[in-house]
Amino acid sequence: MLINCVAYQDGKKLADITREEIRGYVSRPECLVWVALADPGAEELAAMQAEFGLHELAVEDAHHGHQRPKIEEYGDSLFCVLHTIEVDEGEINAGEVDIFVGANYVLSVRSHTAHGFADVRARCEREPHLLKYGSGYVLYALMDAVVDRYFPALDALEMQLEQVEERIFAGGTARANVEALYALKQKLMTLKHAVWPLLEATGKLHGGRVPRICADTQEYFRDVDDHLVRINQSIDSLREMVTTAITVNLSLITLQENETTKRLAAYAALVAVPTMIAGIYGMNFEHMPELKWTFGYPLSLAAMAAIDVYLFVRFRKSGWL
């Protein structure tokens, strides 16, 4: 679906144009054409390929989707794949944005992404002194918006980790805690898969042999790279904390099992002493001491009770009961 199709000149908006007018404006070097598509079909992509002269391999990647974040050069044009991350009721939803960038055009194709980029377009139109840099600045603005949306996702995952940690030490169900931690680890991996490859690719836009399209905006892409480094470090820290939380949870389970084992052993000892005494006097030998003694029975009961009381006090002091 075609969302926007706008022509700019010297950083200022000329007009909203139709698809049929794209070629006429692209043929003018002083103009910039910015087109936005959402979940397009094969026919729409083929039409845009014809209008902009897009490389067939890049169009094929955009059509099939599920690409690894990357930045590829095709002659004087760039093809960028970014993963979008959106948080919906605690769940992480991953989408994709494919960006075709030429000398005087930008085509963004978003898939499985609810949040569009109307705010990015409005931001660029409010900054004509920057928009006059052309397609390189538009690419930066789109990348910056995608990367900035990683921060709320990261904050949401941090909050989830804090909630699970509270449940761990509040005596929550061990199985539920482990399942929650593993689910959190999977969400962090989804975010990691979006950030790490993009971090590698962004380095091409501000250091070394920079594409001509981005030559005037290197410092802006360096800022995006700094954000990605921060996010990547935060992801690694969270993953270590999740691993530690899992270890702590398993250690608490072991401690709880040990406490249960100690209690059972203590109770078994309390039962074993009377059982031993009763077992001795229950043997059917003819000649046994105290069998015909008047105080033998109450004395045996008293001995059982005294020994159990002594053991109970000792176990209570040692924390076994």
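Residues numbered from 1 in each chain as written. Predicted model: local features only at pLDDT ≥ 70, side-chain atom pairs only at ≥ 80, totals over all residues. Heavy atoms only, no water.

### Concerning the overall build of the chain
The helix and strand tally for the chain stands at 10 helices and seven strands. When the backbone C-alpha atoms are referred to their principal axes, the chain occupies close to 120 × 35 × 30 Å. Partitioning the intrachain contacts of the chain with sequence separation of at least 6 by distance along the chain shows that 64% fall at a separation of at least 24. Carbon and sulfur atoms make up 56% of the accessible area of the chain, which totals about 17,500 Å². Side-chain charges of the chain comprise 30 positive and 45 negative groups, with the mean position of each set lying 5 Å from the other. (Helix = DSSP H or I, 4+ residues; strand = E, 2+ residues; numbered from the N terminus. Contact = heavy atoms within 4.5 Å. Areas by Shrake-Rupley, 256 points an atom, 1.4 Å probe, with all protein chains shown as cover. Lys, Arg positive; Asp, Glu negative; His and termini not counted. Charge placed at Lys NZ, Arg CZ, Asp CG, Glu CD.)

### Quick look at the sheet that holds strand 5 (residues 77–88)
Backbone-to-backbone hydrogen bonds pair the strands of a sheet. The strands run either parallel or antiparallel. Taken together, seven strands build an open sheet; the order of strands is 2-1-3-7-6-5-4 and the sheet is mixed. Here the strands that pair on one side only, and so sit at the sheet edges, are strand 2 (12–16) and strand 4 (70–74). Pairs of neighbouring strands in the sheet enclose a mean axial angle of 20 degrees, with direction left out of account. Where helix 6 (residues 135–148) meets the sheet, it contacts strand 3 (31–38), strand 4, strand 5, strand 6 (91–101) and strand 7 (105–111), and its direction lies at approximately 25 degrees from that of strand 5. Along the sheet, helix 8 (residues 174–202) makes contact with strand 4, strand 5 and strand 6, crossing strand 5 at roughly 155 degrees. (Pairing = 2+ DSSP bridges. Axes fitted to C-alpha atoms, helices over the stretch in contact; angles between N-to-C directions.)

### Thoughts on the side chain of Glu86
By the secondary structure assignment, Glu86 is in strand 5. Lacking a salt bridge, the buried Glu86 has Arg149 as its closest oppositely charged neighbour, with an N-O distance of 5.1 Å. Only 3.3 Å separates the side chain of Glu86 from the backbone nitrogen of Ala114, close enough to count as a polar contact. (Buried < 20%, exposed > 50% of the residue type's maximum accessible area, 1.4 Å probe, protein only. Salt bridge = Lys/Arg side-chain N within 4 Å of Asp/Glu carboxyl O. Polar contact = N/O pair within 3.5 Å; in protein donor to acceptor, adjacent residues only side chain to side chain.)

### Digging into the pairing of strand 7
Burial analysis of strand 7 places seven of its seven residues in the buried class, which makes it a mostly covered element. Here strand 7 shows two buried faces, one formed by Tyr105, Leu107, Val109 and Ser111 and the other by Val106, Ser108 and Arg110. By the bridge criterion, six bridges tie strand 6 to strand 7 in an arrangement that is antiparallel. Bridge pairing in strand 7 links Val101 to Val106. Counting the residues between successive antiparallel strands, the hairpin from strand 6 to strand 7 contains three residues.

### A closer look at the pattern of salt bridges
Side-chain pairs of opposite charge can arise where the charged atoms are in close proximity. Enumeration over the complete set of coordinates arrives at 12 salt bridges. Between Asp16 and Lys13 there is a salt bridge, and its shortest N-O distance comes to 3.3 Å. Its relative accessible area of 52% is what places Asp16 among the exposed residues. Here Arg149 and Asp119 are joined by a salt bridge, their closest N and O atoms 3.6 Å apart. Placement of the pair is Arg149 in the loop between helix 6 and helix 7 (150–169) and Asp119 in helix 4 (residues 118–126), with a sequence separation of 30 residues.

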